[in-house]
Structures are given as C-alpha cells and as structure tokens.
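Structural overview
Okay, here's what each chain looks like letter by letter:
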Amino acid sequence: MTDLGGYHDNVARIDLSEGKVAYEGIDDEDAKKYIGARGLGVKYVFDQGPDVDPLGPDNLLAFMNGPLTGTQVTMSGRIAICTKSPLAGQVTDSHHGGWSGARLKWAGFDGLLFEGQADEPVYAYIEDGEVELRDASHLWGKGVHDTRDAIEEEIEGQYGKNLSMMAIGPGGENEVRYACIVNEDDRASGRGGTGAVMGNKNLKAVVVKSSTEMQKPADQETFREGHKQAMQLIQESEVTAPNEGGLSMYGTNVLMNVTEEMDGLPVKNGQYTSTRSMRESEGGDIDAEGVSGEYVRENILVDEPTCHSCPVACKKEVEVQAMHKGDEMNVRMESFEYESAWALGPNSGHTDLDDSVLMVDKCNNLGVDTIDAGNTMAMAMEMTEEGKFDDLGDVDGQGPSARETESPAGIDWGDSEAMIEMLERIAHREDELADHLANGPKHLEEEFDAQSNSLAVKGQTMAAYDPRAMKGMAIGYATSNRGACHLRGYTPAAELLGIPEQVDPAEHVGKGELCATFQDLHAISDSFDICKFNAFAEGIEEYVLQYNGMTGLDVSEEGLIQAGRRIYTLERYYNNLAGFDGEDDTLPNRFIEGHEEAIPAQGGSEGELAELDEMKEEYYEVRGWVDGVVPDDRLDELGIEVGPGTGVTSGDDSQAPADD
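Residues numbered from 1 in each chain as written. Predicted model: local features only at pLDDT ≥ 70, side-chain atom pairs only at ≥ 80, totals over all residues. Heavy atoms only, no water.

1. As for the sheet that holds strand β2 (residues 20-24)
Overall, mixed pairing links the 6 strands, which are arranged β2-β1-β6-β3-β4-β5 in an open sheet. A strand with exactly one partner marks an edge of an open sheet, and here the two such strands are β2 and β5 (91-96). In this sheet, adjacent strand axes meet at a mean angle of 15° when their direction is disregarded. Where strand β3 (residues 61-64) and strand β6 (residues 111-115) come together, 4 bridges link them in antiparallel fashion. Across the sheet, the residue bridging to L61 is F114, located in β6. (Pairing = 2+ DSSP bridges. Helix = DSSP H or I, 4+ residues; strand = E, 2+ residues; numbered from the N terminus. Axes fitted to C-alpha atoms, helices over the stretch in contact; angles between N-to-C directions.)

Take a look at the structure:
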C-alpha cells in the first residue's frame, strides 16, 4: 500500500480466463523505486516471469499510469502499456497520448493488469473505480474506427468529454507481431506488438468513462514552483513554444527536411542517406520535401488538436483526396508523424503524399505499427529484388498461412498502391506472403536467410534517424531494451537540436555516455508518465520539483536519476534472464564499420559508418555491465532485489545469465 500523492493506490488485476476482477494497492517501496507507468509496469511484468510465452495466457498486459498522469503537469496525458514483446521475447513498454491515460487516472486507477485469455471476445469497461468485462463478439473483426463509433453509441458517452477507448483492429486480432493499440484519437501505443498480446487475450478494447478529477499535489508550494518553471521554459523554447516553435508549427515532421539536408534520412531500406542521394544514383522524382512538415502545413493541414494539458499541440490533422483502385477517397486523419511518413514513404522508395496519408490512416484502423509495417514492406521489396520470394510456395509459413489463395512473388520498390493493399493483406493474414510479413522481420531473417535485408534490432525495426550520420542513434538502437528505437534515448536532441548542448552527430567518442544519460532521463519521464517532448525544454530540476510536489517526497536530483538507472537496468536484467546479451546489442549489417555488407553514407555524411564496437565498450563501462549483462553486484548497487540474479560479477568474462 502507498499513501504518496499522485497515486490512487488502486490497481485492477483482471483474470480474463476466469472472468474475475480483483483490486490491490501498490507496494510503497516499489512506488518509490520504480515510480509508476513504465517503471512500475515493467516491475509487474518482471514479477510474472521472463519465461512466459509472449502470445500465451501467462503473459501479463499492463496498462499503467504514473503519479503525474492526468494532473496539471504539462504534457501529462500519457499512458504506458507494458508486456513481453512477441517480436523477439524482450520486455517492452509502449506509450500513447491523447486523453485515455488521463481518463483512466480520473476513473480511479493507477493501472490495469490483464492476465489469462478470455474464451470469447470481451472489452473492459472502467468507471468510478470499478472494472467490468463485457461481451465484444459484435466488435470482433471491426477496424479501430468502427469499434470507436460502436462503443460511443453503446456506452452513451462522448469522446472528448467523458469517454476514451483503447482498442485493437484486425492486426491485433490476427496476432500480427507488430500490431498496436490505438485510442479514440488515433494515438497509438505503436511499438513492441502490444496489440498482438491484446488480441491473443481476446481483449478487443479498454473503455474508460470518467469526468475530470485531477489529483491535488501533496506539496502545493513545491509543485507550483516546478510547474511555473516548466511552463516558462516550454514557452521560451525554439522547439516547443506554442504557435512558434518548430514542434508546435510543424509537428514531429519538422525533422524530415533537417535529416534530408544532412544526409541522415535512411532511404530505400537504408541503402541511401537521403532522397537526394537516391535521385542522383537512380533518377526518379523521390523528394523528402513532398512529405515534410512544412509542405504538410502549407497544403493539407486542417486542424491542430492537442493532448491533455499540452500547449504545444504537435498533432497535425490532415485531409487529402486519395485515389485508390480508380476511386477517389476522402481521408481525414490525425496525425501525419515523421517516423510514419518516413517508413511508409522514403524508406519504401516513394514520396507520394496522398498515398502515405492513406497508409497511415489504414495502419491506425487496422491496428498495426506504422514504423514496423513500412520497414517490413521495405525489407520485402529488397528481398523481392534479390529473388528471395521466388520459391515462396516451398517455404512453410506459420499460423493461418495455409490458404487456398495464391500470393504474389513479392512487392516492388515504391509501389504505393501495392503497399496500401499489402497492409490489408498483412492485417488479415490473407495469403502466404502476407502471413510471413505479419510475423515480422525476425521471422523473415530466419525463414529466408534475410539478415542482410533487415533494419531490425531485437526484432524491432529502427526509426527515421540514420545511425551512420548520427552516432548517438547507432549506440541507442543497439542497446535499446525494447529493440531498435529512437525514443529510449533521444540523442538527436543534442545531435540535431543542441539540447542541452550541441554535439557533433558524426563523432562517436562520448556517445555511449550520452546515450545512457538520455536513456535514464527518458525512463524517468516515461514513468511519470509525461511526454518526452517536455525534455526539449525542461530538465531534471523541473522534474524533481514537480515529482516531489505531487508525491510529497523529498527526492534529490541524483536520487531521481538513480531511479531512471534502476528502471533501465531492471529491463536489461529481464532481457538477460530471457536470453539476451551483448551479441544482441547490434545494428543492421549495412551500418557497421568494418562489416562486409556495410554501405557507407553518401552526400553530406559521405563515407560515414557506425563504430559500434568502440561505442559499446564505452557504453558498457558507463553502465557497469559485462558484455550486455547486468552483474549481480550492479543489481545490488541499484537496489534491485528480485529474481535469481544473472550469475555474472563485474570483471567476469562469463556472460551467461544464471538460468540460461
């Protein structure tokens, strides 16, 4: 039990197999050590055991708030969904904004823990501190958008007023490995395959009805001081200033032209470092400008909605008239993000804006991650070009791939029309090729000897920052606990935006330490749970003041940073027990200096490759790890007192976890 401010001390444990709901408090020591949201969610997943099948009833699916969620804290509308990932078996947490996290907090909950597997489709209805499981048979098979509309009518609530929903589409129902969970505003917990876990549990949606009931800070004066400082910094930042800063004006897609100009934008499955370099080599009209934030604002922007307690309004709602199968379609959606625009556009060999918008909207409705969907199709395009699908009929698929329909031999570069169709095929596993793509890049690597074509690390594909041009991203992708990810440690803040200070993106020395610092800071904000974009303005001082003010604690800056280290290390410890070590902290071959398959960067980053071994050595030294494994003495130092230990000690050449 905990009586700290910012917590309801109320977590629902829902046994889907038995159809039962139990309510429990939060261990006070865990709340202080792991904060909430990501940190506390990972602790619950750890306690469930690292040996569970990700797509089995024993896997835990945790919807978690933090102590700052749904409060007056700026950008505090986030929620964390934590589980064991079906991509490769690592621990994962995936967040989304909007209002669903805040509404869950206002409904009286710090978290929802789903266990087991329902016999028939259900959805969870939450109101006034109680959870009820309801029949969802009539919703099964529907896309997220139709599910949203049906639930609003059924509940007699109103989105934007007193109702939120987090649902899966056909992608989750059919256990696409990179399926996601999407809320009523098309905000997605996109990464890690959380939607596949939810689909395996026959859980169609989580629905929350609540009025606005913000919790009051335990220490009003301290909280007020921190909140005032944070607001001032946000308003003064060139990145976050409302209606002025780059993020507020253009959304996340403000970065498209920035990375293009420096040759830091992976194009054509990472074969090139800009669309300009691809044009110069192959010709054609591909041009990142046509899908950039500036172009979007000038041509297709229709609204700028925001999340709970956020003055930045980075979401850019767009509307296009897209042609598909000869028919004109009106598509209005929220929001056209940088990574989505890149994965479904330049990295797949095209920059057709209308088709890209249509694909993002389709991913949201089908419930599949835009980044992994786009990158998996780009991988398939390269494999098609190399003839790796020529004998597809001789390769055994998994799941429901034994169909009478005959699949095409592959997909061609830049064929956006075929990509639109492929998304439907993947989400429904309609044919053998689509079934293979639905199983993700790790499956393709193994089944088709396609390691050379993959942009994945630990089964999850990278984002729109080329690790040859930004060395912080190189070590960040490699060491991310949840697989290749820009959001575990957002070093582009320093490498591109000069926050907190400018560093040379091409310099690899010092990037191990820089990456670890950002990883720890983001572990803190993810556990509060507040948006990472506040870090473009706020720092650890504002974090401490607002956290102490809300909870009533008296944590020092170093104490809070130590909590971030503890959370990141707990995740790595989980992965160690699940069989991961330093060999898994790697990059796609084409980015690594000295690898025979390396493709050096072009243009403004001419000749650059990632000095991975040197950065890993520095990173492990900063972390106190032994070849990617957390030594038992490091666990002791951080106060991590769970599990059997790894059996490794500092300075020990052994790297096998204790139960390996």
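2. Observations concerning the packing of helix α18 (residues 471-479) against helix α23 (residues 612-623)
Contact geometry of α18 with α23 gives a least axis separation of 10 Å together with a crossing angle of 70°. Comparing the axis directions of α18 and α23 gives the class roughly perpendicular. For the crossing formed where α18 meets α23, the hand is right-handed. Residues K471, A474, I475, A478 and T479 of α18 form the contact with α23, whose own contacting residues are L612, M615, K616 and Y619. The residue inventory of the contact of α18 with α23, partitioned by class, reads 6 nonpolar, 1 polar and 2 charged. (Parallel < 35°, antiparallel > 145°, perpendicular 65-115°, else oblique. Left-handed = near helix turned anticlockwise from the far one by under 90°. Contact = heavy atoms within 4.5 Å. Nonpolar A, V, L, I, M, F, W, Y, C, P; charged D, E, K, R; others polar.)

3. A short note on the packing of aromatic side chains
Following the criterion strictly, the structure yields 14 aromatic pairs and no others. Measuring from centroid to centroid gives 5.9 Å for Y490 and F536, while their planes differ by 70°, and the two rings are edge-to-face. Separated by 46 residues along the polypeptide, Y490 in the loop between α18 and α19 (492-495) and F536 in the loop between α20 (511-528) and α21 (540-551) bring together distant segments of the chain. Accessibility expressed as a relative area gives 10% for F536, which makes it buried. (Phe/Tyr/Trp six-rings, centres within 6.5 Å; stacked < 30°, edge-to-face > 60°. Buried < 20%, exposed > 50% of the residue type's maximum accessible area, 1.4 Å probe, protein only.)

4. What about the pattern of salt bridges?
A complete count under the given rule lists 43 salt bridges for this structure. A salt bridge links R191 to D372, with the nearest nitrogen and oxygen atoms 3.1 Å apart. Placement of the pair is R191 in the loop between β11 (188-189) and α6 (194-200) and D372 in helix α14 (residues 370-385), with a sequence separation of 181 residues. Given a relative accessible area of 5%, R191 falls into the buried group. (Salt bridge = Lys/Arg side-chain N within 4 Å of Asp/Glu carboxyl O.)

5. Structural notes on α21
For α21, with 12 residues, the first-to-last C-alpha span of 16 Å sits near the 16 Å given by 1.5 Å per residue. Within α21, burial applies to I540, E542, Y543, V544, L545, Q546, Y547, N548, G549, M550 and T551. Following α21 by one or two positions, G552 adopts a phi angle in the positive range, close to 90°. (Expected span 1.5 Å × (residues − 1).)

6. Here we look at the sheet that holds β11
Read from one edge of the open sheet, 6 strands run β8-β7-β12-β9-β10-β11, paired in mixed fashion. The sheet terminates laterally at β8 (130-135) and β11, the two strands that pair on one side only. Across 2 bridges, the pairing between strand β9 (residues 163-167) and strand β10 (residues 181-183) is antiparallel. Bridge pairing links A167 to V182 in β10. Strand contacts of helix α4 (residues 144-155): β7 (122-127), β8, β9, β10 and β12 (203-209), with the helix running at about 145° to β9, the strand carrying the most contacts.

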